[in-house]
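Observations on the three-dimensional arrangement
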Amino acid sequence: MKILSISSVAVAAIAAVMMSGCAQKTSCEASAPAVAPVKTQKTQVVNSLYPPNPEPGKCYARVLKPAQFKTVTEKVKVSDGTEKVITIPAKYGTVTKKILVKEASTKIIPVPATYKTVTEKVLVKPATTKLVPVPAVYKTVTEKVLVKPATTTWKKGKGLLTPVSNARTGERGTGEVMCLVKTPPVYKTITKKVLVKPATTKKIVIPAVYKTITKKVVATPATTKVVKIPAVYKTVTVKTIVEPAKTKVIKTPPVYKTITKKVKVAPAQLVWKEVRCKTVVH
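Residues numbered from 1 in each chain as written. Predicted model: local features only at pLDDT ≥ 70, side-chain atom pairs only at ≥ 80, totals over all residues. Heavy atoms only, no water.

Bringing unusual backbone geometry into the picture now. A positive phi angle, near 50 degrees, is found at N53, a position not held by glycine. Along the polypeptide, N53 turns up in the loop between α1 (8-18) and β1 (58-65). (Helix = DSSP H or I, 4+ residues; strand = E, 2+ residues; numbered from the N terminus.)

As structure tokens, then:
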């Protein structure tokens, strides 16, 4: 793995960013010194003076993240595979078969009707409806009205509580910390009377009037039934092919060997990292 380096111009720019003061724990100002982006052939430098997509109340530090490599393995063909065709003869055996002696037939027989006694409701007077008035419904509600919207302000952070340097990954802190502080919105409360449900009419249903009667009805009508007379068979034994003759291809697979190599997956770069700090500078 190659060792990454930063030019003297990049080091001077990072040192200028590190010179910042602190005075308060929860607020920051967006007055960081303007640092020109530094580019070298071996290190990718972050151009932004502030972290991308920041969150209010959080601090960020610029750190150097080294290039990332991974080891991959690759299969290389040493020799091609081969094929050989062989013939497999047919196999025979005996099977038992059923031979039809007499075909199946049918016979029709009559089935008489059946009856049952049922109870039935008969309409005497149909259902009717009438309309009745329903008064409107109101309620008193309390509502919050926005007087001044929430705002956010960039301020410098000081006193890191989160370590940003990592000896295992090669990351180093630059000392530059920015915090985005949120000022909450201002509301006032008003009370008003609102209509919940307008006046309307309601339909009242007067149910129908029925009476119960008893009568005899057909449960199942008279019909006929078809009775099946099954066919008659006898069993015989015959010689047959169990498995036909066939050919089989025997394949010898190709031979491979595995090689290992290193590939670069990410270049070295300066990145913003979320941190904790003791105070922030106004």
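Additional details are given in the paragraphs that follow.
Tallying each qualifying case throughout the model produces one disulfide. Each disulfide pairs two cysteine sulfurs, and for C59 the partner residue is C179, the sulfurs being separated by 1.8 Å. Disulfide C59-C179: the torsion about the S-S bond is 100 degrees, which places it as right-handed. Placement of the pair is C59 in strand β1 and C179 in strand β10 (residues 172-183), with a sequence separation of 120 residues. Neither C59 nor C179 differs from the other in exposure class; each is buried. (Disulfide = S-S within 2.5 Å. Buried < 20%, exposed > 50% of the residue type's maximum accessible area, 1.4 Å probe, protein only.)

Its location among the elements puts T114 in strand β6 (residues 114-125). On the basis of relative accessibility, which here comes to 36%, the residue T114 falls in the partly exposed class. With 103 residues separating them along the chain, T114 and V217 place their C-alpha atoms 8.8 Å apart. Not counting residues within four places of it along the chain, the set of residues in contact with T114 comprises V217, V218, A219 and T220. Of note is the side chain of T114, whose polar atom sits 2.4 Å from the side chain of T220. (Contact = heavy atoms within 4.5 Å. Polar contact = N/O pair within 3.5 Å; in protein donor to acceptor, adjacent residues only side chain to side chain.)

All right, on to the confidence of the model for the chain then. Residues of the chain with pLDDT of at least 70 account for 83%, and the chain-wide mean is 79. Under a pLDDT of 50 for its full length, residues 1-46 has, in the predicted model, 107 contacts with residues more than four places off or in other chains. (pLDDT = per-residue confidence, 0-100.)

The subject of this paragraph is the packing of aromatic side chains. According to the stated counting rule, one finds one aromatic pair in the structure shown. With a centroid separation of 5.3 Å and 20 degrees between ring planes, the pair formed by Y50 and W154 is classed as stacked. One end of the pair, Y50, is in the loop between α1 and β1; the other, W154, is in strand β9 (residues 151-160), with 104 residues separating them in the sequence. Judged by its relative accessible area of 14%, W154 is buried. When the ring centre of Y115 is taken as reference, the NZ or CZ atom of K216 above it lies at 5.3 Å. In this arrangement the basic side chain of K239 is found over the ring face of Y92, its NZ or CZ atom lying 5.4 Å from the centre. (Phe/Tyr/Trp six-rings, centres within 6.5 Å; stacked < 30°, edge-to-face > 60°. Lys NZ or Arg CZ within 6 Å of the ring centre and 35° of its normal.)

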